Amino acid sequence: MKLRYDRDGLFWSVMAGLAVGLAEMLSFCVSGLGVPVTQSIPIIIGGSVMFGAVLGIIMLGEQLMLHGWSGVGLLVTGIVFVALDPGEKVEEGGG
């Protein structure tokens, strides 16, 4: 079976890879600022999923049904709950 691909598919694959790499670098930078990983990672990952849903609607003309919008709403609610949790700031060096 021959693998078929086109220019658009390659472009979006590269863009997806760059977005994932950017999210990983962002998570390291935020964690380096002393933000607890239990807060930063869920916000970054949830934010990227939410960002992807919004881009799909705006750029690709996709439509979300009720359960799709419910999922986005729950995601936003979860991000807010995680962001509002003050947690404990971790000092550099783990102490």
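Heads up: the structure comes first, above all this text.
Basis of the calculations
- Each chain carries its own residue numbering, running from 1 in the direction its sequence is written.
- Given that the model is predicted, a residue must reach a pLDDT of at least 70 before its local features are reported, and side-chain atom pairs must reach 80 or more before they are shown or counted; all residues, however, enter totals for whole chains, interfaces and linings.
- Side-chain measures were taken over the full set of non-hydrogen atoms in the model, leaving aside hydrogen atoms and water.
- Here a strand is any run of E in DSSP of at least two residues, a helix any run of H or I of at least four, and the numbering for each starts at the N terminus.
- Working rule for contacts: check all heavy atoms of both residues, and any pair within 4.5 Å makes them a contact.
- For helices, the fitted axis covers only the stretch in contact; all axes are lines through C-alpha atoms, and the angles between them, taken along N-to-C directions, range from 0 to 180 degrees.
- By definition in this entry, angles of less than 35 degrees are roughly parallel, angles greater than 145 are roughly antiparallel, angles of 65 to 115 are roughly perpendicular, and the rest are oblique.
- Crossing chirality is assigned from the near helix's rotation relative to the far helix, an anticlockwise turn below a right angle marking it left-handed and a clockwise turn marking it right-handed.
- All residues other than Ala, Val, Leu, Ile, Met, Phe, Trp, Tyr, Cys, Pro, Asp, Glu, Lys and Arg, Gly among them, are scored as polar; the first ten of these are nonpolar and the last four charged.
- Here a patch means residues that are over 30% exposed by relative accessible area and free of salt bridges, tied together within 9 Å if like-charged and within 5 Å if nonpolar (Val, Leu, Ile, Met, Phe, Trp, Tyr).
- A 1.4 Å probe and the Shrake-Rupley method give the accessible areas. Residues count as covered only by the protein chains that appear here.
- Counted as salt bridges are all cases of a side-chain nitrogen of Lys or Arg within 4 Å of a carboxyl oxygen of Asp or Glu.
- Buried and open spaces are told apart on a 1 Å grid over the protein atoms alone, a cavity being a set of points where a 1.4 Å probe fits but cannot get out and a pocket being an open set with protein on both sides within 12 Å along at least five of seven lines. Residues with an atom within 4 Å of a point are the lining residues.
- Grid points are joined across faces, edges and corners, and a volume is the space filled by probe spheres set on the points.
- Two aromatic rings, drawn from Phe, Tyr or Trp (for Trp, its six-membered ring), form a pair once their centres lie within 6.5 Å of each other, and the interplanar angle then sorts them: stacked below 30 degrees, edge-to-face above 60, tilted otherwise.
- Here's how the labels work: a residue is buried when its accessible area is under 20% of the maximum for its type, exposed when over 50%, partly exposed in between, all with a 1.4 Å probe on protein chains only.

Novice: What is the right way to look at the overall build of the chain in this model?
Specialist: Tallying secondary structure elements over the chain gives three helices and zero strands in all. Written out in order from the N terminus, the α and β elements of the chain read α-α-α. Within the chain, counting contacts between residues at least 6 apart in sequence, those at least 24 apart form 59% of the total.

Novice: Honestly, the packing of helix α2 (residues 37-60) against helix α3 (residues 66-84) in this entry has me stumped. Any pointers?
Specialist: Working note: a packed helix pair is described by the angle between its axes plus the distance between those axes. Two elements in contact, α2 and α3, have axes separated by 9 Å at closest approach and are oriented at 150 degrees. The orientation of α2 with respect to α3, classified from their angle, is roughly antiparallel. In the crossing of α2 with α3, the sense of the turn from one axis to the other is left-handed. Within the contact between the two elements, α2 uses T38, Q39, P42, I43, G46, G47, V49, M50, A53 and I57 and α3 uses W69, V72, L75, V76, I79, V82 and A83. Each residue belonging to the contact of α2 with α3 can be placed in one class, and the counts come to 13 nonpolar, four polar and no charged.

Novice: What am I meant to see in a nonpolar patch on the surface here?
Specialist: Residues F11, W12, V14, M15, L18, F51, V54, L55, I58, M59 and L60 make up a contiguous nonpolar surface patch of roughly 1100 Å² in combined accessible area. Secondary-structure elements contributing two or more residues to the nonpolar patch are α1 (7-32) and α2. Sorting elements by how many residues they give to the nonpolar patch places α2 first, with six residues. Within the secondary structure, L60 sits in helix α2.

Novice: Can you walk me through the layout of surface pockets in this structure?
Specialist: The probe, sized like a water molecule, is rolled over the atoms to show the empty space still left. The volume enclosed by the largest pocket comes to roughly 640 Å³. A16, A19, V20, S48 and F51 are, among the 21 residues lining the largest pocket, the residues nearest its centre. Broken down by secondary-structure element, the contributors of at least two residues to the lining of the largest pocket are α1 and α2. Broken down by element, the residue count for the lining of the largest pocket peaks at eleven residues, all from α2. Within the lining of the largest pocket, the residues separate by chemical class into 15 nonpolar, five polar and one charged.

Novice: Would you mind going over the packing of aromatic side chains with me for this structure?
Specialist: Where two aromatic rings form a pair, the distance of their centres and the angle of their planes describe that pair. The full count for this structure, using the stated rule, is one aromatic pair. Pairing F11 with W12 gives two aromatic rings, centres 5.0 Å apart and planes at 75 degrees, and the pair type is edge-to-face. Since its relative accessible area comes to 42%, F11 is described here as partly exposed.

Novice: Help me understand the packing of α1 against α2 in this model?
Specialist: At a minimum axis distance of 10 Å, the contact between α1 and α2 shows a crossing angle of 155 degrees. One finds that α1 runs roughly antiparallel with respect to α2. You can see that α1 and α2 cross each other, and the crossing is right-handed. Where α1 approaches α2, its residues W12, A23, L26, S27, V30 and S31 are matched on the opposing element by V37, S40, I41, I44 and M59.

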